[in-house]
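For reference, the chains in residue letters:
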Amino acid sequence: MKSTWFEVARPQKIDLNDWSQHFRLVRDEQIKEFNYYHNPEWGIYLSPPATFMVYGARELKRLKFDNSLASLRMWGFVFNESERLFRAKQMGKRVIATMGDLGTVPVIIMAFPNCIPFYPECIWWTPFFKESTVLLDTATELGIPEAACFSKATLAAFHKKAYFPKPDLIFASTGASCDDYSCIMQLVNDLGYEMLWLEIPFRRHNDEQYPDRFEEYLISEYERVWNKMVELTVINDKTGLIPSIKKANRLRSLAERIKQLTYEAPITPLPALELMTIEFGNLYGYADLDEWLDIVEMINETVAKRVEKGIGVLKQNAIPIAWITPSADPLLLNLVEDCGLRIVGTEYVINQALVPIEENVEPFRALARSFMKASLIGSTQERIKRIIEGVKNERIKGVLVTNMLGCSHCAMETRLIEKMLSKVPVLSIDVPVPFGITEQLRTRIAAFAETLR
Amino acid sequence: MELIGYTCSYTPVELLAATGFKPYRLLHGNVGFITLGEKSVRVDACPLVKSNLGYIMANQKKFAAVVGSTGCDMARRMFDVLKELTNIPVYLFNNPRTDKPTIFYDEIDWLAGELECLSNKKINSEILGTEIDRWENARNRYRRLDQKRASNPSLISTADFHRAVMNYHKGEIGSAININENQSDKPRIYLLGSSIPYEANQILELLELDLAIVGDFNCGISRFLNINIKEKSLNGIKVAYYNQPPCIFKRPNQPFYEFIGTQIKELECKGIIAWTLDYCDSYEFELKRIGRIFELPVLRIRSDLSFQNLSQLKTRIGAFAEMLA
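Described below are features of the structure shown in this document. Being a predicted model, the structure only gives us computed values, none of them experimental. (Residues numbered from 1 in each chain as written. Chains lettered and ligands numbered in written order. Predicted model: local features only at pLDDT ≥ 70, side-chain atom pairs only at ≥ 80, totals over all residues.)

Here we come to the overall build of chain A. Along the backbone of chain A there are 21 helices and 10 strands. Against the compact-globule benchmark of 22 Å for 453 residues, chain A has a radius of gyration of 21 Å, which places it among compact chains. The dimensions of chain A, computed from C-alpha atoms along their principal axes, are 55 × 55 × 50 Å. Classification of the 453 residues of chain A by burial places 54% in the buried group. Put simply, of all contacts in chain A between residues at least 6 apart along the chain, 74% involve residues at least 24 apart. (Helix = DSSP H or I, 4+ residues; strand = E, 2+ residues; numbered from the N terminus. Rg over C-alpha atoms; globule rule 2.2 N^0.38 Å. Buried ≥ 20, exposed ≤ 12 C-beta atoms within 10 Å, placed from the backbone. Contact = placed C-beta atoms within 7 Å.)

Here it is, written out as C-alpha cells:
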C-alpha cells in the first residue's frame, strides 16, 4: 500500500516540491475519503500545497510544512476555505460573519442547522500567503492608514466581494478590545453592510472575581444574537446549543492536548506553523467544524505517535521560547525554527477560544464565562500570566513578541511585556508587509537565538 | 497630592471633585514628556498618551489618583503602565462603545464607591449637589463665551477660548475669565478630531491667522459644554454624561456625524479642519468619511505634537483659506 510512506517517513519539514512528489503516493481512495460538508462528490480538498501556490498563494513555495498525512489534510482544508464558503452559499446554507469577538459567537451560530460562521478578519493571512499587497493597498485607498493592523485586509475583502460570499448576517463585536478592528468594522458598515453590533465587556485589573453583572451584559448580547438568528432561520430550539458547546469543547481539548504534547516532548513533534493553524481553528473550525474536528483528531494521533516514538521535526537542542501576539506572516514561524528555536507557549490574543466552556450551567452563561477569559479585555499582566509562569519555572528561555506598526494594543503593551518578562531575553519585532522579511530581520532573530544559546 | 487626573470626556468631574481633590484633565502635548513616555511604550503610541504618561511619571507626587475610561484603547492601556510603574491608584471604568446605558451607569456607581474609599469620604447627594452647581456655573460662564465665538461674525478667537478653558480642564474653575473681543470676518470653519493638548494652542493661533474657528468637537476645547446636568444627583450625572453628543468611537457612529452635521450647518461653516494625532485610530480611519459625509472642503492636519512643521503648515492653511474665501 503506497500510503504507508506516511507511516514510515521520518518526521521532518518539507517544501512544496517534496510535497508534490510525496503526494503521488496518496491513494485515490484516500483522496476521496476526505471531504467537506460531508459531500464526496464536490467536497474533496486533499491536494498538494503546490495547487494553492498555482492559484496565487506564492509564499507557499518558500514555506516548509510538516510531512505527515494529517498535516497535508489540514493544509488542503484550510486553503480550501474560500471555495467552501461560496459552495455553502450555493447549496443554501446561511453564511454568517462573526467579527471581533474571536471565538464565542460561532458556538451560538453552529447551534442552528445549516448555518456556517466565519471570521472575515482571518483574511489577514491572505496578503502574506499571496505575497501581494493588493488587499492592503485597497484598504488604504478606502481610508485606512498605512500604519494599522493587517486585519485591514478585511475591509478590502468586503469591498472586492470576491474572497467570501456576502454574509447573510454580520455580528460585529466591539468594546474593550483593540481600536483598529473596531474602526475597520465601522468602515465595513459604511460600505453598506448591515451589522448587529455587540458589546465586549471590560475585565477590570485584579478583578478575578468579576461582578455577576459582567456575565449578564454578555448574556443579553448573546440573546440578541440568538433572536437575530431565529429571525433569519425561523428555528428557535435552544437545545441545539448543548451539542454545539460539546463540539467546541471537544475541539478545544484536542487543540490543548496537541499543544501540551508538542510543548512538553523532548523533541518537537509538530512545527509551530501547523500548531498556530490548529490554535486558530478553534475560532470556527475553518467553516466546517465537523471536518475540522476530524482533522484535528488525526493530527492528535500523529503527534501522540511521534511523541511515543521520541521523534519529531526539530533538533532536540532547540531552545524553548514563547510567542506573544500572532504573526500575520507565516514565514516568520518557519524562520524562528530555522534559527534553532521551538515554541512552547503562545499568547495569540485568542485565549477565549482556547478555554473549556462549562457544560453544567445555562449555555449563554457558560459562553459568557468563557469569554470573560478573553485576551484583550483585561490587563496586559493578566494576558501574559501564563508566559510569566513559564519563565518562572524555567520552561521558557526567551520570548518573541510580534507587533504591527500602529496597532493600538501592540503600541502600548510591548514595552510593558518586555519589562514584565525581564528575567529572560525578549525580542520584539514588527511584522513587515508581505514579502518584506529582510536579511536584517533574519539576522535579528538569529542573534536572539544565539543569545539564548 | 491635590490632583485627581482624568483622561476622558465621559468622566464626571463633579464626582471627582466630590472627593476633595482637584480634577485635572490629562491633556499634555509636550515633546519632553513624550520622550519620557516613550521609555514605557512604543514610539508608535498616541503622542497624547505618551505625553500624559510622561507628565504623570514626572509629577507623581501631585496625583492622588488617575481615572480613565475604556474609550480609546491606547488611553485605556496607559493605566496598565501606570499600575506597573507607579504607586498612584488608578481607576478605569468601562465606557461601552455601543448604546448600553446600563453598563455606563453601573460603572459610575462602581467608580463612586471606589472614590469614596480613596477619599475616605461619603459622597452624598448634598456634596454632589454642591459640586454640580459649581461645575454647572462654570460651564455656563464658558457657554456665554462660546456663544460669542459662534456668533456671525465671530467675536472671540478659539485660541483665546482655548486658553480660557484650560482653567476648567485643570480644575481652576474659580479663576477669572478675561477675553478681549476680536471680531473676525475670516472664513468660518469647524474643527474636529483628536484632542487639542494644552501645549497645542499655537496650532489654533496659526489656524486663526487665516481662518475663524467657530465651533469644534475636540477633547480639550469645548466638548465639556455639552454636559448639562438637569437632576442634582448621581443619577443626573450619569444621564448627562452618557447622553452627551457621542464620541466618534461609539458604534455605530452615525449619531456622531448627525450631531456634527447639525453644528456645521448652524454655525454656517465653509470648511472643516480635521486635526489628528499620529496613530489616533478613531479619527484617522474616518478621514475619508468625514470629507464625503459633510461635503465640505477638509484640511487634514496630522501631528506628532513636535510642531516642527509650522512653516509648511502655515502655507497649507493659507492655501485652504484662499480656497474658502
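Glancing now at unusual backbone geometry. Cis rather than trans, the peptide bond between asparagine 152 of chain B and proline 153 of chain B has omega equal to 5°. By secondary structure assignment, the location of proline 153 of chain B is in the loop between helix H6 (125–150) and helix H7 (158–169). The amide bond that connects arginine 251 of chain B to the next residue, proline 252 of chain B, takes the cis arrangement and shows omega of -15°. Inspection of the secondary structure assignment puts proline 252 of chain B in the loop between helix H9 (234–242) and helix H10 (254–266). Here leucine 102 of chain A, not a glycine, exhibits a phi torsion of approximately 50°, which is positive. Counting through the fold element by element, leucine 102 of chain A comes out in the loop between strand S3 (94–99) and helix H7 (105–109). Of the residues examined, leucine 102 of chain A has 29 C-beta atoms within 10 Å and is grouped as buried.

Turning to the interface of chain B and chain A, a few remarks are in order. Each partner contributes to the interface: chain B provides 34 residues, whereas chain A provides 39 residues. Listing elements by their share of the side of chain B that touches chain A, those giving two or more residues are helix H4 (73–85), helix H5 (101–119), helix H11 (281–284) and helix H12 (287–294) of chain B. With 8 residues, H4 of chain B is the largest single contributor of residues to the side of chain B that touches chain A. Looking at the side of chain B that touches chain A residue by residue, the class counts come to 13 nonpolar, 6 polar and 15 charged. (Nonpolar A, V, L, I, M, F, W, Y, C, P; charged D, E, K, R; others polar.)

The next subject is the environment of leucine 196 of chain A. Residues and elements named next belong to chain A. Looking at where leucine 196 falls in the secondary structure, it is placed in strand S6 (residues 196–200). The class of leucine 196 is partly exposed, set by 17 C-beta atoms lying within 10 Å. Along the primary structure leucine 196 and tryptophan 124 are separated by 72 residues, whereas in three dimensions their C-alpha atoms are 22 Å apart. The contact partners of leucine 196, leaving out residues within four places of it in the chain, are Phe171, Ala172, Arg224 and Lys228.

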